[in-house]
Amino acid sequence: MSDKIPEGNRSARERLAQQREREKGREKRRRTLIVASAVVGVLALAAVVGLIAANAGKDDGGDTASGPAVAPSGAIGEDALTLPVGAADAPSTLTIWEDFRCPVCAQFETAFKDTITELADDGQVKVEYHLATIIDGNLGGTGSLRAANAAACAQDAGKFAPYHDVLFANQPPEPDDAFGKNSRLIELAGEVEGLDTPGFRSCVEDGEHDSWVKKSDTAFREGGFQGTPTVLLNGESVFPSKGDEQISPENLKKWVAAANKGKKPGTATPSAPADGSSDPADPPSAPAS
């Protein structure tokens, strides 16, 4: 018997071997693709986790304040998170949550400052300001936190209302974290008579009320509010509308008048101390027009 493989059988076996090699190659490529896809998935998940972690860090407003929350003088309400303006016995309460970096807050102040000042001066409403730092969380930076701390320092000096107005009047563009610089906040204090003192500067530079501001921002987030400004009249949202009516200076006055019908205006306005300065223990007067 010959030991040679017939030519036809050899060709068949070679074709079979080649086919098996091609199948092995395809299987190898398939497994490589599966492993590569798995790696890409892990990297994508890591990126998402990293983004979540980064955003969680931003929500804290940048630097982490440590120590107990030191409330500014004259702050009232639960956990002393409210900065009051106007007559304490006014028949209606206007609650305003704001972020000093929030452009819509600045627009609201521009449109309604004079109306709110008039209502507060007439004893129709007491205004309760609350501070939040959501822009720091959304865009990064510390301007919301730093400005809110400086405003709390102004509250210590009995000058929250005018300094509040100065900050919004000089608000930088939203992506610009100019309020993150204490030097800028101290510079703006020069526009409020008697505010730029060694005590105010120290309060700003030391971040004396940083923990208090963070506590206020936590209260804002836990309160379920949708954004800043949040404006409530006697607990009912009136911004951007009340029912089917859009907010306007005229409508705000109308809504307050309806809420106050048959009620006397408030008269418990703070009196100035003998030295002519504001008493930090008393609520400051309404924001200047």
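Our subject is the structure listed above.
Presented here is an overview of the structure given in this document. As the structure is a computational prediction, the values presented were derived from the model and not from experiment.

1. A short note on the nonpolar core
Membership of the largest hydrophobic core comes to 57 residues, with the highest contact counts inside it found for Ile116, Tyr163, Leu167 and Phe200. With eight residues, the single largest contributor to this core is helix α4 (residues 143-156). Residues contacting Phe200, with those up to four places away along its chain left out, are Ala150, Cys153, Ala154, Tyr163, Leu185, Ile186, Ala189 and Leu195.

2. Topic: unusual backbone geometry
For the peptide bond that leads from Thr228 to Pro229, omega is -5°, which places it in the cis range. A positive phi angle, near 50°, is found at Ala80, a position not held by glycine. Residue position: Ala80 is located in the loop between α1 (7-59) and β1 (83-85). The backbone of Asn234 shows a phi angle near 50°, a positive value even though the residue is not glycine. For Asn234, the location among the structural elements is in the loop between β4 (230-233) and β5 (236-237).

3. Description of the side chain of Thr93
In this structure, Thr93 sits in strand β2 (residues 92-98). Taking the relative accessible area as the measure of exposure, Thr93 reaches 15% and is therefore buried. Among all residues touching Thr93, those that are not within four sequence positions of it are Lys126, Glu128, Leu232, Leu233 and Asn234.

4. Here we look at the side chain of Ser248
Turning to its location among the elements, Ser248 is positioned in the loop between β7 (245-246) and α9 (249-259). Taking the relative accessible area as the measure of exposure, Ser248 reaches 18% and is therefore buried. There is a polar contact of 3.0 Å between the side chain of Ser248 and the backbone nitrogen of Asn251.

5. Things to note about the environment of Gly141
Along the chain, Gly141 turns up in the loop between α3 (134-139) and α4. Sequence separation of Gly141 and Ala178 is 37 residues, and the distance between their C-alpha atoms is 9.2 Å.

6. Let's talk about the packing of aromatic side chains
In this description, a pair of aromatic rings is defined by centroid distance and the angle of the planes. Inspection of the entire model under this criterion finds eight aromatic pairs. Geometrically, the ring pair formed by Trp97 and Phe220 is tilted, given 5.5 Å between the ring centres and 50° between the ring planes. Separated by 123 residues along the polypeptide, Trp97 in strand β2 and Phe220 in helix α8 (residues 210-222) bring together distant segments of the chain. Take Trp97: its relative accessible area is 7%, and that puts it in the buried class. Overall, the relative accessible area of 4% leaves Phe220 in the buried class. Arranged with centres 4.9 Å apart and planes meeting at 25°, the rings of Phe108 and Phe112 form a pair that is stacked. Here Phe112 and Phe108 lie together in helix α2 (residues 103-121), a separation of four residues that amounts to about one turn. A relative accessible area of 6% places Phe112 in the buried class.

What counts and what doesn't
- Residues numbered from 1 in each chain as written.
- Predicted model: local features only at pLDDT ≥ 70, side-chain atom pairs only at ≥ 80, totals over all residues.
- Heavy atoms only, no water.
- Core = buried A, V, L, I, M, F, W, Y, C linked by side-chain atoms within 4.5 Å.
- Buried < 20%, exposed > 50% of the residue type's maximum accessible area, 1.4 Å probe, protein only.
- Helix = DSSP H or I, 4+ residues; strand = E, 2+ residues; numbered from the N terminus.
- Contact = heavy atoms within 4.5 Å.
- Polar contact = N/O pair within 3.5 Å; in protein donor to acceptor, adjacent residues only side chain to side chain.
- Phe/Tyr/Trp six-rings, centres within 6.5 Å; stacked < 30°, edge-to-face > 60°.

So yeah, pure geometry; function would need other evidence.
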